[in-house]
Amino acid sequence: MMKTIYAIISIALLAALAESLMPWWVIAPVAFTVTYFFQLRGWRAFLTGMLGIGLLWIGLSAYIDHTNTHILSARVATLFYLTEPIWLIVITGLIGGLVGGISALAASYLVTEHKVNSL
Amino acid sequence: MRFIGFILSTLIAVSLVYALDHPWGTAPAMGAFFDPMHGFWQNAVDERAMPDIDLALSGLHDKATVYYDERLVPHIYAANDSDLYYLQGYVTAQHRLWQMEIQTHSAAGRLTEIAGDKALDADRMQRRIGLGYGAAKSLETIQKDDTTSPLLRAYCDGVNAYISTLQAKDYPLEYKLIGYKPEPWTPLKVALLLKSMANMLSVYEYDIENTNFIAQYGEEQFNYLYPETDSFKDYVIPTGTRWGFSPESMTGFSGDIPQVSPVIDSITDIREAYQHVIEKPRELNGSNNWAVAGYKTKSGKPLLCNDPHLELKLPAIWYEMHLVSPHMNVYGATLPGAPCVISGCNDSIAWGLTNGGRDVRDWYKIKFKDESHAEYLVDGKWLKTDKHLERYKIKGKLDYIDTVLYTRYGPVVFDGSYGRVPSKKYLSLKWTAHQGSNEFKTFYLLNAARDYDDYIHALDQYSCPTQNFVFASRSGDIAIKQQGSHPITHSTVTDGSASINDWTRYIPTENNPHVKNPDQGFVSSANQFPVDETYPYPISRVGIYEDFRAMRINKLLARDAPMDVAYMIKMQSDNYGTEASMTLPLLLSIIDRSKLKADELLALKLLDQWDYLYNATISQPILYEAWEKQLDTLLWDEMLDPNAPMRMPNKYRRASFLATDSTSPLYDNHLTDPVETRADIVKMSLVHAMAKLRVVYGTLAALPDWGHYKHTMVHHLSPTLDAFSRMDVSTGGYRGIINATSERHGPSWRMIVDLGDMHAYCVYPGGESGNPGSRYYDDMIDKWAKGEYYTARYEHRTKLAAKHLYQVNIHP
């Protein structure tokens, strides 16, 4: 369990670091590499990637939205026919989470049987 | 098994990333767009939390400081003019880059590069009327001038210095949504911006429409409905002003001076209908400006007001700025993308602009030798045509190439390859906006002007679009001059095969209509006809002139009690409908009230009691506007020919026609069997109007108030980004009223300058930031709608240094 939490935190931190230098899609190789490094498998790998990126994106967007007092999100929400700005944060989390999750899932297939997590 | 899983999930991951990294249809690349570290979230800003900043800019010669005040208005302090314009470019781009670029792309006919082939028709129009052709010529003129050339360069360098700091995450929101990036700013773009103002403001001629009318109804009827003179008296230059032109300057006008403009003379052999016209801005759009002499004000010094009326847009058309160098200290409205202040004040003078509306275009009928269009006829000789190839890069499609033919007059706009119906009638456009000119220099000189002589000298440079420049100085002078390049033009389509029809005579710039310190103690303009019949040069009356606001303004300024800023504020928001006050009493006296339905009688009763005020909270303006609209349709049905566009007589003429001509055959509506009289048409129009209102609202009691019915909107510049518009603005006023706020058009900048204490009060329907993620994007709209103002922080630097949002210290 702790390993998963460490992996989630690592993905979030490394993704934030990598994203400050590279385009958004760098989240995919980050989720992939960290998952492989932590040797996570199956649904747990997917969830780790999903939460690592998803929580990072939700946290960042929610913080930005709060300091901006929803001025931008209200307008962009209208543009996407959304009733509440909060849905933009949900969508942000889903997009990041999905990419992170599937990238992590791909890495999990490289983790071999005998290295099964013992924690 | 594991291997297949790896391949499959990797494939899914890669495809997902690919899909989210590319735009689909009109949707942006969703991954890039939603990424909080690069996408739209990065455009959420909080300027109030900005710390002071130290910034190094290599293009600067000396240290400079920018203070952003509590409305985010930048106050730029530079050590020289070059640094000043460099920073004006830098700071403007920081708030308005996307707007600057989209407006110049539109002027250049390059929207297809962003919007794809749906913009092709609009792009072709911009190039076929020769906006880029004129801009290139102006650029040459500007660059030949030793003063303006380096300053224009400095402005562009400043814009580009800002652009070069940008990473993809910093691009304005619209770039992220539409999926492209900013390109370098160039002097040509500045010239294009000025030409696009010309295209908005100097297109008021009705040559083709007039030709169609005369071809169908004859000259007599034309002169009757579009008269050269009428009872109007409130000219820009007060009646009785002595022109004081020297005989020398008059003889410079190549001999004879025609007494009336050549309306009909040139078309006797080309009486035919033209199906194509360029759509013009709506009539009764306009602007107001005025200045009051010190002896009529409380402070003893002049007051000056300006409110140019333009389309209401976000980001706003104006950007408020304060520019200070050792050479000037100027405050006011700037045009994002171009240097200088356009309407404003400095520590000695104030000035403002309204549109002059003069006819500065002609349409020449061209006879080509054959289908190759290689040669055209002038004075019995075949001259060579210039062929300009215009290449359009279209997003997602192959390039499109359009050939535009140029004659000695200008581009052949309509040649059968463009327009809704194929036509073999060739019309070449001649337009003062095609000429090289340096309007930038006028504003540069005006920004630093100290007195009346400086002001007149600054105006000498100014060519197009014709503007009424109102002026007031701290030393107590007031003045107004209608300035522009004014050839003697035609009012109908002209035969291009006779060179005598070409422009040979221009009114000398020093003889343009002007007046200084007139006896009446004020000067004003509101897009009305400029001069009375004593002006020795012909001016085509058949352009667009709006009489009603001028009448009201002059009436309000003629009062004896001393005036102050509070009175000016009341005036700029004045909702009195002069047109209604002239027309409605006539309608009410003519209408036969028998056999009307109960709600129609009630409507008349409400109108009987109306004081012609277009206040937001009442409903009578709805009834009158619905009625007068139907009246136009029924009365002027003769001019509603889909195959020959014509122009309806203006509302001033309509009122005098209704009052003085009770039996005209024009009252008969062609679409109905019986022959209608004046009384029939007045009644029919009311019945039609009420029927329309009944469909929407049921009963009169259910009518909304005027403000909600009119439903003023401030639209985002991109028609696809209505989410960034303000759709809910409730205001009074309407077309033809001082507060000329209509559905999508209105006072784009309200300014009042008290030359006594040099306080300026201003407001505009928008905000300083062009970023929909900023609280300063539309923060002034509510105050603007209520007719309230901000006090401009046109004050000493120490006060700004003590209180501001944040400051930027810049060094080379």
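Scroll up a little and you will see the structure.
Description of the structure in this document. Note that the coordinates shown come from a computational prediction; the quantities given were computed from them, not determined experimentally.

**So, the sheet that holds strand β6 (residues 313-314) of chain B**
Residue and element names in this part refer to chain B. One open sheet holds the three strands; their spatial order is β6-β23-β24, and the pairing between them is mixed. Each edge of the open sheet carries a strand with a single partner, namely β6 and β24 (726-729). Two strands pair when backbone bridges link them, and strand β23 (residues 712-716) and β24 are joined in this way by two bridges, in the antiparallel orientation. Note that in β24 the partner of V714 across the bridge is R726.

**Description of the side chain of B:R726**
Residue and element names in this part refer to chain B. Turning to its location among the elements, R726 is positioned in strand β24. For R726, a relative accessible area of 16% puts it in the buried group. Within polar-contact distance, the side chain of R726 engages the side chain of D728 at 3.1 Å. Setting aside anything within four residues of it in sequence, one finds R726 in contact with L314, T712, M713, V714, D778, I781 and D782.

**Re the packing of helix α16 (residues 578-590) of chain B against helix α19 (residues 651-660) of chain B**
All names here are of chain B. For the pair α16 and α19, interaxial distance at closest approach is 10 Å and the crossing angle is 30°. With respect to their mutual orientation, α16 and α19 come out roughly parallel. Our pair here, α16 against α19, has a crossing hand that is left-handed. Residues E579, M582, T583, L586, L587 and I590 of α16 pack against K651, Y652, R654, A655, L658 and A659 of α19. A class-by-class count of the residues in the contact of α16 with α19 yields eight nonpolar, one polar and three charged.

**Comments concerning the pairing of strand β13 (residues 381-384) of chain B**
Along any regular strand, the residues point their side chains to alternate faces of the sheet. Bridge count between strand β12 (residues 375-378) of chain B and β13(B): four bridges; the pairing is antiparallel. The partner of B:Y376 across the bridge, within β13(B), is B:L383.

**Some thoughts on unusual backbone geometry**
Residues and elements named next belong to chain B. A cis amide bond, omega -10°, links L314 with the succeeding residue P315. Tracing the backbone shows P315 in the loop between β6 and β7 (319-325). Looking along the chain, the bond that leaves C464 and enters P465 is cis, with omega of -5°. For P465, the location among the structural elements is in the loop between α13 (452-459) and β18 (467-473). Unusually for a residue other than glycine, N517 sits at a positive phi of about 45°. Positive phi values are uncommon outside glycine, yet Y612 reaches one of about 70°. Relative to the helices and strands, Y612 is located in the loop between α17 (598-608) and α18 (620-635).

**What to know about the interface of chain A and chain B**
The interface of chain A with chain B comprises 42 residues on the first partner and 40 residues on the second. Roughly 3300 Å² of surface becomes buried between chain A and chain B when both sides are summed, with 76% attributable to carbon and sulfur atoms. Together, A:W24, A:L72 and A:R75 form the three largest contributors to the area buried by chain A at its contact with chain B, with a combined 22%. One can count one salt bridge joining chain A with chain B. Where chain A packs against chain B, one counts eight residue pairs in polar contact (both at pLDDT 80 or more). Elements supplying a minimum of two residues to the side of chain A that touches chain B: α1 (2-19), α2 (27-38), α3 (42-67), α4 (71-79) and α5 (86-108) of chain A. Top contributing element to the side of chain A that touches chain B by residue count: α5(A), with twelve residues. Broken down by class, the residue content of the side of chain A that touches chain B amounts to 27 nonpolar, ten polar and five charged.

The rules behind the values
Residues numbered from 1 in each chain as written. Chains lettered and ligands numbered in written order. Predicted model: local features only at pLDDT ≥ 70, side-chain atom pairs only at ≥ 80, totals over all residues. Heavy atoms only, no water. Pairing = 2+ DSSP bridges. Helix = DSSP H or I, 4+ residues; strand = E, 2+ residues; numbered from the N terminus. Buried < 20%, exposed > 50% of the residue type's maximum accessible area, 1.4 Å probe, protein only. Polar contact = N/O pair within 3.5 Å; in protein donor to acceptor, adjacent residues only side chain to side chain. Contact = heavy atoms within 4.5 Å. Axes fitted to C-alpha atoms, helices over the stretch in contact; angles between N-to-C directions. Parallel < 35°, antiparallel > 145°, perpendicular 65-115°, else oblique. Left-handed = near helix turned anticlockwise from the far one by under 90°. Nonpolar A, V, L, I, M, F, W, Y, C, P; charged D, E, K, R; others polar. Buried area = accessible area lost by both parts, 1.4 Å probe. Salt bridge = Lys/Arg side-chain N within 4 Å of Asp/Glu carboxyl O.

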